[in-house]
Amino acid sequence: MIETPARSASSRPPSDVSAWVGLVGLAGLLLWVAICRAWPQIGEALGLPGPRARLSGSSAAVLALVFSGTPMVAWSLLVDKVHRRASTGIDWSAPRPLRSVLDVSITKLAGLWATWALIAFVYCLGRWYWRGQYLFAMDLLETAAPFLFLGAIPYVLWLDRVLVEPRDGAWHFGAMLIGREAYATEQVWHHLRAWTVKGFFCAFMISILPGGFAAVVEADWSGLWANPVRWSNTAIEAMFMIDVQIAMVGYLLTMKPLDAQIRTANPYLAGWVAALICYPPFVLMGGGGVLDYHQNTAEWAWWFDGHPALLWIWGTAQVLLTAIYAWATIAFGLRFSNLTYRGVLTNGPYAFTRHPAYLSKNLFWWLVTLPFLATTHSKVDAVRNTVTLALVSAVYFWRAKTEERHLLGEDAKYRAYHAWMAEHGLITRPLARLGQLVVGRSAPGVHHPDPSSEEEGEQVRA
């Protein structure tokens, strides 16, 4: 492992992701949202055929990925020049003849196609993929599958000519299936873990694209400033839409020329358990789930009804928290993904706390639900809901710790960032000191664990 150069103890390590990547993606997304909302006027002015209606359908939601992803790719290549980084594993200066990599590429394509066929088989087995919002994801992936399979051929042949080591995880998996060459089992498992992440989360993220996008495009902005509840709910919907759109681009563009490839996927069971129980079909926080904290509760607007000042304060606080949540995703640029390590992110909200998304999301849930208040006026309901939501927050604390363990064992830069945040992070530092007082030992980040220990870990952040 290559250590980073020595830096001042008070200097935060530089981020592997430029802050501008996500910002230009956000600008492209907002431009497309504005076009979709103004489409009746645009169509009228240009004399375009078709109904004079806003573009809020599923096709418009998918096209939004192009509007957000294209500027991010362009900035990454033209400004940040990420394709020139050594971390891509690419040497553009000495491309090999095609004939010299053809056998390697064929083996790799066999591994890739077998992987995608395996993912498709799992989709077929999972009943939840064939009902509700998942139907859209399955239809889209079915349409894209032929282009993906055929498009892989020129892409792999082109990339293998310039890769320093073209025998990656896909090649090792293909070699295992073909049985003609020696392969590394560790590389096979790395490959399968990475594609399990993509297969699971891409289906979920695609399934929720249309709903959030349509809600923002069709939102009625009239009279918002006279109604704090409508204003906050509309703004919150927009923040979650931004989060989903930018995150979806990150899941799709795990490509080495963009230096956005998956370096490692979480190898620890605890990290997978902590993450997957937060998503369907394994989610425990949904209605009737083990960690459902909504029994006999009412949301904030019900409790504060008739108190406009409190409604404005509480609603604004929720908007700010969801804005931080969306900002945390925007900061990833092209690299958002759960359960993977794709570089180290130290700027944006990650300059204040190592887990801004988890922190803001959980605070948001506490403000929205107010679990310590029950419509039945039952103390049992209030205690039960409060404890249950506390357990939900504990799950996210667990996720955060498993993520940190993963990166502490993967990257010297992350170890430097982890230590810097414990000493200088505006939010992390006091929390680290509090943890030190509670448990009576060194603050997190000061002591670096042995990566070979049995403690779990993975890092979703960049």
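Rules of the game
Residues numbered from 1 in each chain as written. Predicted model: local features only at pLDDT ≥ 70, side-chain atom pairs only at ≥ 80, totals over all residues. Heavy atoms only, no water. Helix = DSSP H or I, 4+ residues; strand = E, 2+ residues; numbered from the N terminus. Rg over C-alpha atoms; globule rule 2.2 N^0.38 Å. Buried < 20%, exposed > 50% of the residue type's maximum accessible area, 1.4 Å probe, protein only. Patch = residues over 30% accessible without salt bridge, like charges linked within 9 Å, V, L, I, M, F, W, Y side chains within 5 Å. Areas by Shrake-Rupley, 256 points an atom, 1.4 Å probe, with all protein chains shown as cover. Salt bridge = Lys/Arg side-chain N within 4 Å of Asp/Glu carboxyl O. Phe/Tyr/Trp six-rings, centres within 6.5 Å; stacked < 30°, edge-to-face > 60°. Lys NZ or Arg CZ within 6 Å of the ring centre and 35° of its normal. pLDDT = per-residue confidence, 0-100. Contact = heavy atoms within 4.5 Å. Axes fitted to C-alpha atoms, helices over the stretch in contact; angles between N-to-C directions. Parallel < 35°, antiparallel > 145°, perpendicular 65-115°, else oblique. Nonpolar A, V, L, I, M, F, W, Y, C, P; charged D, E, K, R; others polar. Core = buried A, V, L, I, M, F, W, Y, C linked by side-chain atoms within 4.5 Å. Disulfide = S-S within 2.5 Å. Polar contact = N/O pair within 3.5 Å; in protein donor to acceptor, adjacent residues only side chain to side chain. Expected span 1.5 Å × (residues − 1).

**Student:** Any chance you could break down the overall build of the chain for me, citing the residues and the numbers?
**Tutor:** In terms of helices and strands, the chain carries 15 helices and 2 strands. For the chain, whose C-alpha radius of gyration is 24 Å, the value lies close to the compact-globule estimate of 23 Å for 462 residues. Along the first, second and third principal axes, the C-alpha set of the chain runs to 75 × 70 × 45 Å. The buried share of the chain, reckoned over its 462 residues, is 47%.

**Student:** Please set out a nonpolar patch on the surface residue by residue, giving values where relevant.
**Tutor:** A cluster of nonpolar side chains, namely I324, W327, F352, L359, L363, L426, I427, L431, L434, V438 and V439, defines an oily patch on the protein surface of about 980 Å² accessible area. Listing elements by their share of the nonpolar patch, those giving two or more residues are α11 (308-330), α12 (356-369) and α15 (428-439). For the nonpolar patch, the element with the most residues is α15, which contributes 4 residues. Classification of L434 as partly exposed rests on a relative accessible area of 48%.

**Student:** Just give me the short version of the packing of aromatic side chains, but keep the residues and values in it.
**Tutor:** All told, the structure shown has 28 aromatic pairs when counted by the stated rule. Both rings, one in W302 and one in W303, keep their centres 4.7 Å apart while their planes meet at 90 degrees; by these two values the pair is edge-to-face. According to the relative accessible area criterion, W302 is exposed, its value standing at 52%. Using a relative accessible area of 21% as the deciding quantity, one classes W303 as partly exposed. Lying over the aromatic face of W221, R37 brings its terminal NZ or CZ to 3.8 Å of the ring centre. The ring of W171 carries the charged tip of R167 above its face, separated from the ring centre by 5.3 Å.

**Student:** Account for the confidence of the model for the chain, naming residues and giving values.
**Tutor:** Per-chain confidence: the chain averages 92 in pLDDT, with 93% of residues scoring 70 or above. Contacts for the low-pLDDT stretch residues 1-8, under 50 throughout, to residues beyond four places or in other chains number 13 contacts. For the stretch residues 442-462, pLDDT sits under 50, and the model shows 77 contacts to residues farther than four places along the chain or on other chains.

**Student:** Got a sec to walk through unusual backbone geometry? Specific residues and values, please.
**Tutor:** Across the junction of P280 and P281, the peptide omega takes the value 5 degrees, indicating a cis bond. A positive phi angle is found at K81, which is not glycine, with a value near 50 degrees. Along the chain, the position of K81 falls in the loop between α3 (58-78) and α4 (98-125). Positive phi is not limited to glycine here, since N296 has a value of about 55 degrees. Among the structural elements, N296 can be located in the loop between α9 (269-276) and α10 (300-303).

**Student:** Could you give me a rundown of the packing of α4 against helix α6 (residues 169-178), with the residues and numbers involved?
**Tutor:** Between α4 and α6, the least distance of the axes is 7 Å, while the angle of their chain directions is 85 degrees. Classified by the interaxial angle, the pair formed by α4 and α6 is roughly perpendicular. Only A170, W171, F173, G174, A175, L177 and I178 of α6 make contact with α4, whose side of the interface consists of V104, T107, K108, A110, G111, L112, A114 and T115. Partitioned by chemical class, the residues of the contact of α4 with α6 number 10 nonpolar, 4 polar and 1 charged.

**Student:** Run through the nonpolar core, naming residues and quoting values.
**Tutor:** In summary, soluble globular proteins display a tendency toward joint burial of nonpolar side chains. Ranked by internal contacts, the top residues of the largest apolar core, which has 83 residues, are F201, F213, I242, M248, Y251 and L334. Looking at this core, the element that brings in the most residues is helix α7 (residues 185-217), giving 12 residues. Those residues in contact with M248 that sit more than four places away from it in its chain are L65, C202, M205, I206 and L209. L224, W231, L367 and V368 belong to the second-largest nonpolar core, a separate cluster that totals 13 residues.

**Student:** Requested: an account of the state of the cysteines, with residues and values cited.
**Tutor:** With the rule as written, the count across this model stands at 0 disulfides. Here C278 is not disulfide-linked; the sulfur of C202 is the nearest cysteine sulfur, at 18 Å.

**Student:** Summarise the pattern of salt bridges; cite the residues concerned and give the values.
**Tutor:** Proximity of charged atoms lets side chains of opposite charge pair with each other. Throughout the structure, instances matching the rule amount to 12 salt bridges. For K413, the salt bridge identified is with D16, shortest N-O distance 2.5 Å. Placement of K413 in helix α14 (residues 412-424) and of D16 in the segment before α1 (19-37) is noted, with a sequence separation of 397 residues between them. The two residues K413 and D16 agree in class, both being buried. Residue R335 pairs with D259 through a salt bridge whose shortest N-O separation is 3.0 Å. Of the two residues, R335 is situated in the loop between α11 and β2 (340-341) and D259 in the loop between α8 (228-252) and β1 (264-265); the sequence distance between them amounts to 76 residues. D259 shares its class with R335; the two are buried.

**Student:** Explain α6 to me, and be specific about the residues and the numbers.
**Tutor:** Counting buried residues in α6 gives 7 out of 10 residues, a clear majority hidden from the surface. The set of residues buried in α6 consists of G169, A170, W171, H172, F173, G174 and A175. Contact partners of the buried residues in α6: α4 and α7. Regarding α6, its N-cap is D168, as a side-chain oxygen of that residue lies 3.2 Å from the backbone nitrogen of A170 further along. G179 lies just past α6 and shows a positive phi near 80 degrees.

**Student:** Please give an account of α11 that cites residues and values.
**Tutor:** Between the first and last C-alpha of α11 there are 32 Å, a value that for 23 residues agrees with the 33 Å anticipated at 1.5 Å per step. Residues of α11 that are buried in the fold lie against α1, α8, α10 and α12.

**Student:** Run through the environment of Y123, naming residues and quoting values.
**Tutor:** Residue placement: Y123 occurs in helix α4. Judged by relative accessible area, Y123 falls into the buried class, the value being 11%. Expressed as a C-alpha distance, the spacing of Y123 and W221, which sit 98 residues apart in the sequence, is 39 Å. If near-sequence neighbours (up to four positions away) are discounted, Y123 is found in contact with Y129, W130, M138, L141, G199 and A203.

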